[in-house]
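Geometric and topological summary
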Amino acid sequence: MADRIPSGTRDVLPDEMRELRELTERMRAVFDKAAYGEVYTPALEYERTFTRDGATPDASYRLFDGDGNMLVLRADMTVPIARLAGNRYATAELPLRFCYFAHAYRKVRPQRGQSREFLQAGVELIGAPGPEGTAEALTVLSDALEAVGLRRFRIGVGDQALFPELLDQLDVDADARQLLLTELAAGDFVGVEREVRRLKLQGAEAELLLTVPRMRGGAEILDGLTGPLAHAGTGMRALLELLPERVAERVIFDFGLVRDLGYYTAAVFEVYDPAHGLPLGSGGRYDHLLGSFGRELPAVGFALDVERVHIALAAEERERG
Amino acid sequence: MVEFDQSVPLRIAVPRGALFNDTLDLLERVGIDTREVRENDRKLLFRDVGIITMRPSDVPTYVAAGAADIGITGKDVLAEQTERDVHELADLGYGRCTMIVASEAGADPVADALRRLGIVKIATKYPKIATEHFLATGRQAEIVEVKGSVELAPLAGLADAIVDLTATGTTLRENNLIIREEILVCTARLIANPVADRLKASAIDALLAKIADTVEN
């Protein structure tokens, strides 16, 4: 009988590897041209690196070394690079630009076709505040996907702080706020409506909380925003004005987009392609994570799931014939 | 220039079974021609109207993977498959049932088992909902998953009680079972693939608006 490998892991054979390599080389050329230096960090880190405040993705694989230290397999590359920037670049001139091609490890649910080990390609731009830094990261992201050969991808751009700020302005108490944000992050809009009704707000205020998470589209949704939304609209418009045309036409503004990783603070992104049912990658601003590694710096980054990009590319090419 | 997808009709996952007719009636009211679907018991894919049909518990699987843009299924299915990444867009109101704990009439076997044995045996087709309910209420339970008629389990001595979905309670009564606890009221829900919910936003919003109109009237 054949020796098995753990579910959610796989072997890559030469035909696929050749295609993956070509794809990552194209991304690497884009990152390189934009002055992002490639780094590699250990797959194993001390657990405490991944349990700093700002709740990072849950590391799923823990082990002990010979001295009894708890180690984890990295759950993403953003946290190791934040550590590296804090340790090794404590006095370096800003901004710092890093890119990486590395495997990360997450837990999987059985029989869902999910990967325990997946290859990420991404960049981190450290020390560049929004909107300029955000615009640079989005441009690199879009250029990398174009270089790979995807034609129909779009980039969803949301604001992690938007909905919490709305709830603050309406004086929603902490418990109700947590329930609402949980339903929103889960994409359960029936649950959002149930919790909003429970708040017994005035008609217009309740309507606002129900409408905002469903607002998504092109630049037109930023027109005529007033009241509590005016600030968010101004921020997104400032970002839009900094984007080159080729990137701007890819963007979907999405007021309902929130990411469930604890460290995101402001702009968040997700990459979509009609040829694939799952997002190809994601990212956003994490303006406080670096602080817990010793140097308070604004930062932004994204990670693409290389295998999903490959699947989407193959599907697009099939559709094109 | 970026290519847009808006002209392609939505692909809709429609559940066969108890929700089938109400779902087709709803789709008919929002302007989708469902005659061919009604007339074909065995056909599964109706390309012209963008409908695919399947058992209700498969709807979240197809929608999460993007094999369908949107779908209709029961809240019971969604509560049992919480790990599926789908957007839950609307409560459609029909197909109303209740997830319940039921056991044989007479002294409650659950209370008796917990008092004397410290653990209760529960048979169900919904292991996740049952596990969560007994954990949340602080009782130790051994969940036995069965695929067919759950009502048989307490009668044959496989379990002390069942967790199951009931609409009218007729089957329970016929098997001498009575409802001890209500866990969750379940109705039909409209769900969407998260990627489609962004890339086909206008088509999905238009459909939602039409559905809201028909539900109100």
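The residue numbering used here restarts from 1 in each chain and proceeds along that chain's sequence as written. Labels are handed out in written order, letters beginning with A for the chains and numbers beginning with 1 for the ligands. Per-residue local features are limited, in this predicted model, to residues with pLDDT of at least 70; the limit for side-chain atom pairs, both in listing and counting, is 80 or more; totals at the level of whole chains, interfaces and linings are taken over all residues.

Attention now goes to the overall build of chain B. In this description a helix means any DSSP run of H or I spanning at least four residues, a strand means any run of E spanning at least two, and both kinds are numbered starting from the N terminus. Looking only at helices and strands, chain B features 10 helices and 11 strands. Counting every position in chain B, which comprises 217 residues, the buried fraction comes to 40%. Partitioning the contacts of chain B with sequence separation of at least 6, the portion at a separation of at least 24 is 68%. Neighbour density around each residue's C-beta defines its exposure: 20 or more other C-beta atoms within 10 Å make it buried, 12 or fewer make it exposed, and counts between make it partly exposed, where C-beta atoms are placed from the backbone. With C-beta atoms placed from the backbone, a contact is any residue pair whose C-beta atoms sit within 7 Å.

With 15 residues, helix α11 (residues 306–320) of chain A ought to run about 21 Å at 1.5 Å a step, and its terminal C-alpha atoms sit 21 Å apart, in line with that. If you follow the buried residues of α11 of chain A, they end up packed against α1 (14–33), β6 (117–126), α4 (132–148), β10 (267–273), β11 (276–285) and β12 (299–305) of chain A. An expected span of 1.5 Å times one less than the residue number is assigned to each helix.

The next thing to look at is the domain arrangement of chain B. Accessible area lost when the parts come together is the quantity often used to give the size of an interface. All names here are of chain B. On domain assignment, one finds that chain B holds domain 1 (12–95 + 187–216) and domain 2 (97–186). For the domains described, the bounds stem from an automatic or database domain assignment. Here domain 1 and domain 2 have C-alpha centroids that lie 30 Å from each other. Listed per partner, the contact involves seven residues of domain 1 and eight residues of domain 2. The element that contributes the greatest number of residues to the side of domain 1 that touches domain 2 is helix α4 (residues 75–80), accounting for four residues. Polarity classes work like this: nonpolar for Ala, Val, Leu, Ile, Met, Phe, Trp, Tyr, Cys and Pro, charged for Asp, Glu, Lys and Arg, and polar for all others, with Gly in that last group. Of the residues in the side of domain 1 that touches domain 2, the class split is one nonpolar, three polar and three charged.

Another point: the domain arrangement of chain A. Residue and element names in this part refer to chain A. When cut into domains, chain A gives domain 1 (27–160 + 217–320) and domain 2 (166–214). Of the residues lining the interface, five residues belong to domain 1; the matching set on domain 2 comes to eight residues. Among the residues making up the side of domain 1 that touches domain 2, the classes are represented as three nonpolar, one polar and one charged.

Residues and elements named next belong to chain A. The nine strands are arranged β1-β5-β6-β12-β11-β10-β7-β9-β8 in an open sheet whose pairing can be described as mixed. At either end of the open sheet lies a strand with only one pairing partner, and these are β1 (37–38) and β8 (216–217). In this structure, strand β7 (residues 154–159) lies alongside β10, joined through six bridges in antiparallel fashion. Bridging across to β10, D159 finds its partner in A267. This element, α11, spans β6, β10, β11 and β12 of the sheet and lies at about 135° to β11. For two strands to be treated as a pair, DSSP must find no fewer than two bridges joining them. Under this scheme, a helix contributes an axis fitted over its contacting stretch, all axes are lines through C-alpha atoms, and angles between N-to-C directions fall in the 0 to 180 degree range.

This next bit is on helix α1 (residues 20–29) of chain B. Residues and elements named next belong to chain B. Among all positions of α1, only T23, L26 and L27 are buried. Mapping the buried residues of α1 onto a view down its axis gives an arc of 95°, with all of them on the same face. Looking at the residues trailing α1, positive phi occurs at G31, about 95°. Within this analysis, the arc is defined by the directions that extend from the helix axis to the C-beta atoms.

All right, on to the nonpolar core then. For our purposes the nonpolar core covers buried Ala, Val, Leu, Ile, Met, Phe, Trp, Tyr and Cys residues that link as a set through C-beta atoms within 7 Å. The biggest cluster of nonpolar side chains holds 119 residues, and the ones touching the most others in it are V123 of chain A together with V63 of chain B. Sequence-distant contacts of V63 of chain B, that is, excluding residues within four places in its chain, are made with A13, A68, I70, G71, V86, I191, A192 and N193 of chain B.

Attention now moves to the interface of chain A and chain B. Taken together, the contacts link 21 residues of chain A with 20 residues of chain B. Looking at the side of chain A that touches chain B, the elements with two or more residues in it are β7, α7 (189–198), β8, β9 (251–254) and β11 of chain A. In terms of residues, the side of chain A that touches chain B owes the most to one element, β11 of chain A, which gives four residues. A breakdown of the residues in the side of chain A that touches chain B according to their chemical character gives seven nonpolar, five polar and nine charged.

Residues and elements named next belong to chain A. Within the element layout of this structure, V148 appears in helix α4. Its 23 C-beta neighbours within 10 Å are what place V148 among the buried residues. Considered as a pair, V148 and E25 are 123 residues apart in the sequence and their alpha carbons are 8.8 Å apart. Sequence-distant contacts of V148, that is, excluding residues within four places in its chain, are made with L23, R26, M27, V309 and L313.

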